[in-house]
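# Structural features, examined
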Amino acid sequence: MAAVLPHTSPSPAPISSTTMANKEAIERADQQLLAELGYKQEFKRAFTPLEVFGVAFSIIGLVPSIAAVLVYALPNGGPSAMVWGWAVASFFILCVGMAMAELGSAAPTSGGLYFWTHSLSSPRCRNLLSWIVGYANTIGSIASVASIDWGCAVQIAAAINIGNQNFVATQAQTFGIYLAVVFSHGIICSLGTGILARLQNLYIILNFCLCFVVIVGLPVATPKEYINSASFALGNFTNVNGWPNGYAFFLSFLAPLWTIGAFDSSVHISEEAANAAIAVPWSIVCAVGISGLLGWAINISLAFCMGSDLESLINSPQPMAQIFFNSFGQTSTLAIWSFIVLGQYMMGSSMVLAASRQCFAFARDGALPFSSILYRMNNFTGTPVNTVWFVATTSALLGLLALAGAQAINAVFALSVAGLYVAYSIPIAVRFIFKNDFKPGPFNLGIFSLPVAIVAVSFMMFVDVVFFFPATPQTNTPNMNYTVVVLGGTLVLSLVWYYFPVYGGVHWFTGPVPNVGKDDTADHASKNSCCTDKEVGVVVEKRVDV
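Note that the structure is predicted; figures quoted are calculated from it, not measured.

What follows is about empty space enclosed by the protein. As enumerated under the stated definition, the model contains 4 cavities of 30 Å³ or more in all. Roughly 120 Å³ of internal volume is contained in the largest cavity. If you trace the largest cavity, you find 15 residues lining it, with Ser 144, Trp 258, Gly 261, Ala 262 and Leu 420 closest to the centre. Elements represented by at least two residues in the lining of the largest cavity include exactly α6 (126-163), α11 (254-259), α15 (319-364) and α18 (406-433). In terms of residues, the lining of the largest cavity owes the most to one element, α18, which gives 5 residues. Approximately 60 Å³ is the volume attributed to the second largest cavity. In this structure, the second largest cavity is lined by Ile 66, Val 69, Leu 70, Ala 73, Ala 81, Met 82, Trp 86, Ala 255, Pro 256, Thr 259 and Asn 299. Mapped onto the lining of the second largest cavity, the elements with two or more residues apiece are α3 (62-73), α4 (78-106) and α11. No other element matches the 4 residues that α3 contributes to the lining of the second largest cavity. A breakdown of the residues in the lining of the second largest cavity according to their chemical character gives 9 nonpolar, 2 polar and no charged.

With that settled, the discussion passes to the nonpolar core. By size, the foremost hydrophobic cluster in this structure holds 171 residues, and its most contacted members are Leu 302, Phe 324 and Trp 337. The dominant element in this core, judged by the number of residues it contributes, is α15, at 20 residues. When sequence neighbours within four positions are dropped, the list of residues in contact with Phe 324 reads Val 214, Leu 218, Leu 302, Gly 329, Thr 333, Ile 336, Trp 337 and Ile 340.

A surface patch of nonpolar side chains, about 540 Å² in accessible area, is lined by Val 492, Val 496, Phe 500, Val 502 and Tyr 503. Checked against the element boundaries, Tyr 503 lands in the loop between α20 (483-498) and α21 (518-527). Judged by its relative accessible area of 61%, Tyr 503 falls in the exposed class.

So, on to the pattern of salt bridges. Across all of its chains, the model carries 5 salt bridges by this definition. Linking Glu 51 and Arg 198 is a salt bridge whose minimum nitrogen-to-oxygen distance equals 2.7 Å. Separated by 147 residues along the polypeptide, Glu 51 in helix α2 (residues 49-60) and Arg 198 in helix α8 (residues 193-221) bring together distant segments of the chain. Using a relative accessible area of 3% as the deciding quantity, one classes Glu 51 as buried. Ionic pairing is found between Glu 102 and Arg 431, a salt bridge with its closest N-O pair at 2.8 Å. Here Glu 102, found in helix α4, pairs with Arg 431, found in helix α18; they are 329 residues apart in sequence, far enough to count as distant. Note on accessibility: Glu 102 and Arg 431 belong to one class, buried.

Reading the values: rules and limits
Residues numbered from 1 in each chain as written. Predicted model: local features only at pLDDT ≥ 70, side-chain atom pairs only at ≥ 80, totals over all residues. Heavy atoms only, no water. 1 Å grid on protein atoms, 1.4 Å probe; cavity = no way out; pocket = protein on both sides within 12 Å on 5 of 7 lines; lining within 4 Å. Points joined across faces, edges and corners; volume = space filled by probe spheres on them. Helix = DSSP H or I, 4+ residues; strand = E, 2+ residues; numbered from the N terminus. Nonpolar A, V, L, I, M, F, W, Y, C, P; charged D, E, K, R; others polar. Core = buried A, V, L, I, M, F, W, Y, C linked by side-chain atoms within 4.5 Å. Buried < 20%, exposed > 50% of the residue type's maximum accessible area, 1.4 Å probe, protein only. Contact = heavy atoms within 4.5 Å. Patch = residues over 30% accessible without salt bridge, like charges linked within 9 Å, V, L, I, M, F, W, Y side chains within 5 Å. Areas by Shrake-Rupley, 256 points an atom, 1.4 Å probe, with all protein chains shown as cover. Salt bridge = Lys/Arg side-chain N within 4 Å of Asp/Glu carboxyl O.

Remember, this is a structural readout, not a statement about activity or role.
This is the structure we're talking about:
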């Protein structure tokens, strides 16, 4: 990191003066590193390290997320899948997070995944791989927005049901709620960077409080008739979908993988983060690690307090809401559930924020349709409002799958994991597959980098295949898994556009496009002559257009 430059202006408050000098030095180091990566500073760096962590942690949103995906664990193993499936999956997710954190520390830019892919790949295939990663990341991020906001819509409908048990929302009514949630997130994420950054502090507090309620409050409040024995909570395996038990156990991984997912969000706001080379990797590792431990405790609490009638829970409109209703009663459940809905809503706003930054970066490099329109910064808010509404609109369209049947919208949850894991695995793999001049940043696993990367990529490849299968072995058109259709269709169309005669990306796409002029780079270099490549953790070999 850059050395602190001497503060020449006299000040009666030396401590404040030193703090300001440190802040300015960090800002200059961040700008210098970004310039080395080829980009000028366009965002205001308003996110503190805690708030960068808040983005990833709020998107994970443990209690609201587990509430949204508990329905995937219950029929595919029951209590055993909830407790032990979570524990197993959390270990592998942490490996993915650590491997990504190394790359994020070395090259903290909003483009993140596709930028790393281009920088670390062979010149023969770097453009194509970067293109694929960019589109997989885009569809995965948009699917994350859609799945989070759909979960929020279902939870709002459940809240109405708790207050009036004669009301059961239709799919069309839930879709209407979903549209309202998505477009309200578009409005929130069009606000200035400073406002969005400060909101993360509230999100962190709310999520920790919800964890406390489930881990401590639920066991205290649950009547004895709903308390399960240790042998049931930790050993019962209930499989109702028809797959072999082992495969059903793997299908239950969707719950932890979706919950502890989209942690690349910290990378996508790295150009708005102070001390990004340190803040970004540690926010990823801390968010994944803390969520793994707290989530395990939440699942243990639920397994002990949900009663033994799993069939009624699986068939209820919202399993966790039913568990709370049995334990807390109607009034208390409605109060707690309102905060869970708020937490899920906050998850959605943070995900729209991260997805819009990823799309802004991809459009900056000309790869998205209508990039010239999407790559614009609003003069009033200082945020990429156009890409915010691009994400909101495409998420709303993706939600139309709900009208095709209950299983169709479930594919959006799997798509958010599968799409992102395609985008995660390629840059982690090419770092070691191709010859490159990778220079680690401040966060570095050392000799463990390769083993962790091998475990991470192998796991992601495995679960991508698992999540392409339907929920039951015997299926039909309404109940098929649409994940492979949407993800495969998106990637095929992106390849068609890439190889399209005359106008295709193969004729003009050369990967990340530097927008820092020689004068800008020289200016940054002269102001930060004390910063060596080693000090700021510059990442990779020089880009060569091919």
